[in-house]
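Notes for the structure review
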Amino acid sequence: MSIDSLRRSATATVSGLPQGFWWLWLSTLVNRTGAFVLTFLSLYLTVELGHSAWFAGLVVALHGLGGIAGSPLGGTLTDRWGRRPTMVTMHLAAAACAAALAVVTSAWAIATVVLLMGVAMQAVRPSINATIADMVPAHDVRRAYALNYWALNLGFAIASIGGGAAIFLGYRTLFVVDAVATALCALIVFLRLPETRPEAKLDTRGEPVVEDKVSMLTVLRDAPFRTLVLLNLFVCLVFTAPWIGLPLTMADQGLSPSAYGAVIAVNGIVIVGFQLLVNKLTDKRSPVVLLSLSSLLFAVGTGATALAGSPVAFAATVVVWTIGEMIHVPTNAAATALLAPEHARGRYQGVMGMSWAVAGFVAPIGAGAIVGGPGPNVLWAVTFAIGCLAAVGYSLRLRKALADDTAGGGDERVGASEIPEAAGIPETVGIPETVGIPEAAGIPEAAAETPETAVAAPGGTDAPAAGKSAVSA
């Protein structure tokens, strides 16, 4: 493939989305570029403050526990309060927590701050995902989620490298930088992202149509969506297991921590280097096929870990399940948007986000217990079985519910009409020509072109922390 064809392919992947999406994309990149807390928290607690490894693991688990509460909270606020105010408030809350970690030193204070940070960080995810579904045409939603996930991982890679290089400044300095980056993210949202929450629909007489009230219990009673959430929980458990089980497995074979560092770095390298290509290859494919395929890739990649005996072999297994990750995360977010009623997108995304948070809390504990008990081979056999079970579940239970009628194109939105009318955004609201996304975000001019049906105004992962936790998605 020639360089010109690669450039055309990349341009096609990033073009045609509303300018508002690129402001949200930029805010995600800025936020994740400064995400140092979770990456270096365990080292800070053990090396700097002298706490035990057990306490460090407990604190990281508390972050996941906070996410379990934060996801439904954020989903409810997204629908009731609005996307933009929820994002700004929760980003600022997360920034305050990061800044507090640079000051507090007592064990109880640190545990409390990390718990609250987990709430805030996960509470912002439903509003981000709902905003993307609000503003992006239905046939481009999966691509938009993939691009936003790419920004998340690109920022994570930059944070990991930059944090390692700047660690001589001190852990507290890194936490302050994290706070500043998160506050800057909130500022971008506040200045450039209009509210996209759809207004109440009107009947033929111009009277507001009374929408069915949707609570979290109502969401859980939605049988197809409940199945999607359960299957995603299975996949999340498989996805999270290597972040705990892989270093223990490699250590059990006498390999050094530096070997694990090189192997797990393959995950970020593959995502940053190939997410756009994977998105291009999977575009317009059936959601059920993609979710089943990604589950099988998770199953094979993690299951094959039991057969690996060298760093190269371990790296090969990481490549396999990383491809599954690149397919699964945006497809699952788009499937959630497809099933969610327009006025309840936040709650649906919140419940889905909770499955990531539950996995982020349960999987590390379960993986550690299995490796320390029956042994690592049992862990990889279990993840293989769960991944295969999820693949079968997607194929048998969700084929009809996720029939993608919009995959072929058109200007339909996921359960919504065009944003200016649906969200009450004046058509005059827009980005001045002198302040364009290409210059602000370094995105090629073609990437900022907006179709006539897209939002002219600026506007709006789930996935992986404990190194890249399932909560940060």
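Summary of the structure given here.

1. Details of empty space enclosed by the protein
Taken as a whole, the second largest cavity holds about 50 Å³ of empty space. Taken together, Leu24, Ser27, Thr28, Asn31, Met87, His91, Arg125, Ile128, Cys185 and Val189 make up the lining of the second largest cavity. The set of elements that each furnish at least two residues to the lining of the second largest cavity consists of α2 (19-33), α5 (83-101), α6 (107-135) and α8 (171-192).

2. Considerations on the packing of aromatic side chains
Counted by the stated rule, this structure contains 12 aromatic pairs. Their ring planes at 65° and their centres at 6.4 Å tell us that Phe239 and Trp243 sit as a pair that is edge-to-face. Residue Phe239 and its partner Trp243 are both found in helix α10 (residues 223-252); the two are separated by four residues, about one turn of the helix. For the residue pair Phe239 and Trp243, the accessibility class agrees, reading buried in each case. Between Phe239 and Trp356, the aromatic rings sit 6.2 Å apart at their centres with planes inclined by 80°, giving edge-to-face as the arrangement. Taken as a pair, Phe239 in helix α10 and Trp356 in helix α14 (residues 345-372) lie far apart in primary sequence, 117 residues in all. Each of the two residues, Phe239 as well as Trp356, counts as buried. Taken together, the ring pairs in this structure connect Phe239, Trp243, Phe298, Trp321 and Trp356 into an aromatic cluster.

3. Re the packing of helix α3 (residues 37-48) against helix α4 (residues 53-80)
Taken N-terminus to C-terminus, the directions of α3 and α4 make an angle of 150°; their axes are 8 Å apart at the nearest point. It follows from the interaxial angle that α3 and α4 lie roughly antiparallel. The two elements α3 and α4 cross, and the hand of that crossing is right-handed. Residues Leu38, Leu41, Ser42, Leu45 and Thr46 of α3 pack against Ala53, Phe55, Ala56, Val59 and His63 of α4. Its residues placed into classes, the contact of α3 with α4 shows seven nonpolar, three polar and no charged.

4. Observations concerning the pattern of salt bridges
Pairing of side chains with opposite charge becomes possible as their charged atoms draw close. In total, this model carries six salt bridges according to the counting rule given. One salt bridge connects Arg143 with Asp140, and the closest N-O pair in it is separated by 3.0 Å. A relative accessible area of 7% places Arg143 in the buried class. For Asp140, a relative accessible area of 9% gives the class buried. Bridged by salt links that share partners, the residues Asp79, Arg83, Asp134, Arg345 and Arg347 form one connected network.

Analysis parameters
- Residues numbered from 1 in each chain as written.
- Predicted model: local features only at pLDDT ≥ 70, side-chain atom pairs only at ≥ 80, totals over all residues.
- Heavy atoms only, no water.
- 1 Å grid on protein atoms, 1.4 Å probe; cavity = no way out; pocket = protein on both sides within 12 Å on 5 of 7 lines; lining within 4 Å.
- Points joined across faces, edges and corners; volume = space filled by probe spheres on them.
- Helix = DSSP H or I, 4+ residues; strand = E, 2+ residues; numbered from the N terminus.
- Phe/Tyr/Trp six-rings, centres within 6.5 Å; stacked < 30°, edge-to-face > 60°.
- Buried < 20%, exposed > 50% of the residue type's maximum accessible area, 1.4 Å probe, protein only.
- Axes fitted to C-alpha atoms, helices over the stretch in contact; angles between N-to-C directions.
- Parallel < 35°, antiparallel > 145°, perpendicular 65-115°, else oblique.
- Left-handed = near helix turned anticlockwise from the far one by under 90°.
- Contact = heavy atoms within 4.5 Å.
- Nonpolar A, V, L, I, M, F, W, Y, C, P; charged D, E, K, R; others polar.
- Salt bridge = Lys/Arg side-chain N within 4 Å of Asp/Glu carboxyl O.

Shape is all these values report; function is a separate question.
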